[in-house]
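# Examining the three-dimensional arrangement
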Amino acid sequence: MKVYYIGTDVHSGSTTFYCGDDKGKLVARGTIPTNPEGVEQMLRRIQKKVPEGTDYKLTAGMETGNSSFRLAKIFSLAGIEVHVIHAKEVRDKVRDKKKKTDNLDAKEIYEGMRRQYYYKEVYIPTDAELKIRWLYSKRVLAMKTRTSYILSAKGTLRSWGFVEYTKRKLESKNSWNKLLKELESMSESEQDKLIGWQFEGGIGEDLIEAVKNDYEMWKHADKLITDYERKIEEASKGLDKSIMKSIENVDDIFGIGRLSAVMLAVLIGDPHRFQKSNQLKSYFGLAPSENSSGGKVSRGKITKTGNGVGRKILVEIAQQATRSQHPLYPLFWQIRSKKPYNVAIAAVAGKLIQIVWRILRDGTSFDISRLGVCMVKVPSKTSTGRATTKITAVKKKRLPKFLAEHNLDEDAVIEIVDKELERRRKKKTISDLSMIEGLSEPPRKKG
């Protein structure tokens, strides 16, 4: 079967294509609308140039961009094999970097497909995965908007001397309403005292009105976040059943909530496309950079060249490992004792994605015993001096020494995990062992 390669330079309104055979001979070229009608038009032009009776297939290549996944789907429905290439690799391998046109870009991608020198191929998500990715990006934007209006209200108050009111966390409707109630109950003399002088014409009403407007916008953004989370949950029902079952198991890992579990599964896509767990660390930019030569090994900071959305989710989840109740707490402190805080967090994030990948690939459940840790009940005291108990994760090989140091016996080792997982499965919420009644949460340690 003869293969014809198509290089495309994709824009939202139009797409420039260059089609040729595996010998480098041009078959057709031109510009078409980025829609199904345009693709049909391109196919007709190619068919006219192909010798009658030839058995052939079409393979198209395009670089990543806002419209690349949409066109890739249209190509697939038209029977064209599609490959989406990382835009940076396409640009790095352009022969003449001082010239850039749509026609040249399409021809460069054609040559790359024909000669097969692209290797950073991007996974093409399914419809459900694509929708969830888009909804999540809108949720992130709504969260940034919500935060911006908190900062706007505090900036207004700070600029007029209401400094004490800016120390509050405006993260709930009650906190906003309490703030507005206190501002509205202030007299003009009290306002002038905070401002520093008797403001001619008054400023209090305008200030309160500005804070109210910020509150209304905050409420709107907060509602959008809730709506997007609900839509993501509904869209996740369109994922493969085996993936959905694995997501339930990912949800069992301490610190990973339902939304994070869905997003990690969607960003990984088909888990079988990765051969090793270390490839996931590179995919999310959590692998260390390396510059080794002549027998000398030199590793540096994480590359940060992978999926930024997934890396941010993993780093946020990894913060939970700073608590002694977390199963990865021993790993965190093993690295933290020698390296900076951020290095330890990045290492925990890399370990987390490796665990998540194995669960998604094998369809297994989270097994804490594979981490080589035990959960130990340790007597403690709260800041007020009240006797309590906290749970600490300890490496099995260090367990005898730990028990001796704290004057404990084997009965202190508890099997509390299974009960906690069952409770969390019923509630379907983000949780960790510190939420068990009677257990105290130690302060976050950084030093």
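Refer to the structure printed above.
Here is a short report on the structure shown in this document. Throughout, a residue's number is its position along its own chain's written sequence, starting from 1. Two thresholds apply to this predicted model, a pLDDT of at least 70 for residue-level local features and 80 or more for giving and counting side-chain atom pairs, whereas whole-chain, interface and lining totals are computed over all residues. With hydrogens and water stripped out, all remaining heavy atoms of the structure feed into the side-chain values.

## Some remarks on the pairing of strand E5 (residues 81-85)
Put simply, the rule is: To sort residues, take the accessible area from a 1.4 Å probe on protein chains only and compare it with the maximum for the residue type: under 20% means buried, over 50% means exposed, and anything in between is partly exposed. For the purposes of this entry, the term helix denotes a DSSP run of H or I that reaches at least four residues, the term strand denotes a run of E that reaches at least two, and both are numbered from the N terminus. Think of it this way: DSSP has to see at least two bridges between two strands before they count as a pair. With its strands directed away from the observer, a crossover is right-handed exactly when the path from the first strand over the helix to the second travels clockwise.
Counting buried positions along E5 yields four of five residues, so the element is predominantly enclosed. Examined bridge by bridge, strand E4 (residues 56-63) and E5 share five bridges and lie parallel to one another. Paired with Met62 across the strands is Val84, a residue of E5. Handedness of the E4-helix H2 (residues 68-77)-E5 crossover: right-handed.

## Things to note about the packing of helix H5 (residues 127-159) against helix H10 (residues 258-268)
Counted only if it meets this: For every element, the axis is a line fit to its C-alpha atoms; helices are fit only across the contacting stretch, and the angle between N-to-C directions ranges from 0 to 180 degrees. The labels follow the angle: roughly parallel below 35 degrees, roughly antiparallel above 145, roughly perpendicular from 65 to 115, and oblique for the rest. Left-handed is the label given to a crossing in which the near helix is rotated counterclockwise from the far helix by less than a right angle, and right-handed is the label when the rotation is clockwise. By definition, residues are in contact when any of their heavy atoms lie within 4.5 Å. By the convention adopted, Pro, Cys, Tyr, Trp, Phe, Met, Ile, Leu, Val and Ala count as nonpolar, Lys, Arg, Asp and Glu as charged, and the other residues, Gly among them, as polar.
Contact pair H5 / H10: the axes reach a minimum separation of 10 Å and the direction vectors enclose 130°. The angle between the axes of H5 and H10 places the two elements in the oblique class. The two elements H5 and H10 cross, and the hand of that crossing is left-handed. Packed against H5, whose contacting residues are Glu129, Ile132, Arg133, Tyr136 and Arg139, the element H10 presents Leu259, Val262, Met263, Val266 and Leu267 at the interface. Among the residues forming the contact of H5 with H10, the class breakdown is seven nonpolar, no polar and three charged.

## Thoughts on the nonpolar core
Rules: Throughout, nonpolar core names a set of buried Ala, Val, Leu, Ile, Met, Phe, Trp, Tyr and Cys residues whose side chains join them through atoms within 4.5 Å.
Judged by nonpolar contacts, the single largest core of 55 residues is most densely connected at Ile253, Ile268, Leu352 and Val356. Per-element accounting of this core gives the leading share, 12 residues, to helix H14 (residues 341-362). Not counting the four nearest positions on each side in its chain, Leu352 is found in contact with Ile253, Ile256, Leu314, Ile317, Ala318 and Leu328. Judged by nonpolar contacts, the second largest core, of 23 residues, contains Ile6, Ile46, Val50 and Ile74.

## Topic: the pairing of strand E3 (residues 26-33)
With seven bridges connecting them, strand E2 (residues 14-21) and E3 associate as antiparallel partners. Within E3, the position partnered with Cys19 by the bridge is Ala28. Between E2 and E3, which pair antiparallel and follow one another directly, the connecting turn spans four residues, one of which, Gly24, has a positive phi of 95°.

## Focus on the sheet that holds strand E6 (residues 121-122)
Spatially, E3-E2-E1-E4-E5-E6 is the arrangement adopted by the six strands of the open sheet, whose pairing is mixed. Two strands lie at the open edges of the sheet, namely E3 and E6, each paired on one side alone. Two strands pair when backbone bridges link them, and strand E1 (residues 2-10) and E4 are joined in this way by six bridges, in the parallel orientation. In the sheet register, Lys2 faces E4, and the bridge partner there is Tyr56. Here helix H4 (residues 102-115) sits on the sheet in contact with E1, E2, E3, E4 and E5, set at roughly 145° to E1.

## Structural notes on the packing of aromatic side chains
Filter applied, for reference: Classification of ring pairs rests on two measures: the distance between centres of Phe, Tyr or Trp rings, Trp counted by its six-membered ring, which must be within 6.5 Å, and the angle between planes, read as stacked under 30 degrees, edge-to-face over 60 and tilted in between. As a reminder, the over-ring test applies to NZ of lysine and CZ of arginine, requiring each to be within 6 Å of the ring centre and within 35 degrees of the ring normal.
All chains considered together, the criterion is met by 14 aromatic pairs. Here Trp160 and Phe199 contribute two aromatic rings whose centre-to-centre distance is 5.4 Å and whose plane-to-plane angle is 85°, an arrangement assigned as edge-to-face. Of the two residues, Trp160 is situated in the loop between H5 and helix H6 (173-184) and Phe199 in the loop between helix H7 (188-195) and helix H8 (204-235); the sequence distance between them amounts to 39 residues. Relative accessible area serves as the criterion here: at 26%, Trp160 is assigned to the partly exposed category. Seen in terms of ring centroids, Phe332 and Tyr341 are 5.7 Å apart; in terms of plane orientation they differ by 80°. Their pairing is edge-to-face. No difference in accessibility class separates Phe332 from Tyr341, as the two residues are buried. Cation over ring: Lys2 sits above Tyr4, and NZ or CZ is 5.7 Å from the ring centre. The positively charged end of Arg273 is found above the aromatic ring belonging to Tyr283, 5.1 Å away from the centroid.

## Considering the sheet that holds strand E11 (residues 413-414)
Reading across from one edge, E10-E9-E11 is the order of the three strands in this open sheet, with antiparallel pairing throughout. Each edge of the sheet is formed by a strand with only one pairing partner; in this case those strands are strand E10 (387-395) and E11. Across nine bridges, strand E9 (residues 373-381) lies against E10 in antiparallel orientation. The partner of Lys381 across the bridge, within E10, is Ala387. The sheet strands contacting helix H13 (residues 329-336) are E9 and E10, and the helix crosses E10 at an angle near 75°.

## Side note on a negative patch on the surface
We count it as follows: Candidates for patches are residues over 30% relative accessible area with no salt bridge; among them, like charges are joined within 9 Å and nonpolar side chains (Val, Leu, Ile, Met, Phe, Trp, Tyr) within 5 Å. Here the Shrake-Rupley method, with its probe set to 1.4 Å, supplies the accessible areas, and only the displayed protein chains count as covering residues. Salt bridges are identified by distance alone: a Lys or Arg side-chain nitrogen within 4 Å of an Asp or Glu carboxyl oxygen. In this tally, Lys and Arg are treated as positive and Asp and Glu as negative; His is ignored, and so are the chain termini. Just so you know, the charge point we use is NZ for Lys, CZ for Arg, CG for Asp and CD for Glu.
On the surface, Glu188, Glu205, Asp206 and Glu209 cluster together to form a negatively charged patch. Per element, the largest residue contribution to the negative patch is three residues, and it comes from H8. Among the structural elements, Asp206 can be located in helix H8.

## Topic: the environment of Val378
By secondary structure assignment, the location of Val378 is in strand E9. Measuring from C-alpha to C-alpha, the distance between Val378 and Val82 comes to 57 Å, with 296 residues separating the pair along the chain. The contacts of Val378, once residues within four sequence positions are left out, are Thr388, Thr389, Lys390, Thr392, Phe402, His406 and Leu408.

## Side note on the packing of H6 against H8
Helix-helix packing is described using two parameters, namely the angle between the two axes and the distance between the axes. Viewed as axis vectors pointing N to C, H6 and H8 meet at an angle of 170°, and their least axial separation amounts to 10 Å. As judged from the angle between their axes, H6 and H8 are roughly antiparallel. Residues Lys173, Trp176, Asn177, Leu179, Leu180, Leu183 and Glu184 of H6 form the contact with H8, whose participating residues are Leu207, Ile208, Val211, Lys212, Asp214, Tyr215, Trp218 and Lys219. In terms of residue class, the contact of H6 with H8 is made up of nine nonpolar, one polar and five charged.

## Details of a positive patch on the surface
A cluster of basic side chains, namely Arg44, Arg45, Lys48 and Lys49, defines a positive patch on the protein surface. Along the chain, the position of Arg45 falls in helix H1 (residues 36-49). The class for Arg45 is partly exposed, based on a relative accessible area of 32%.

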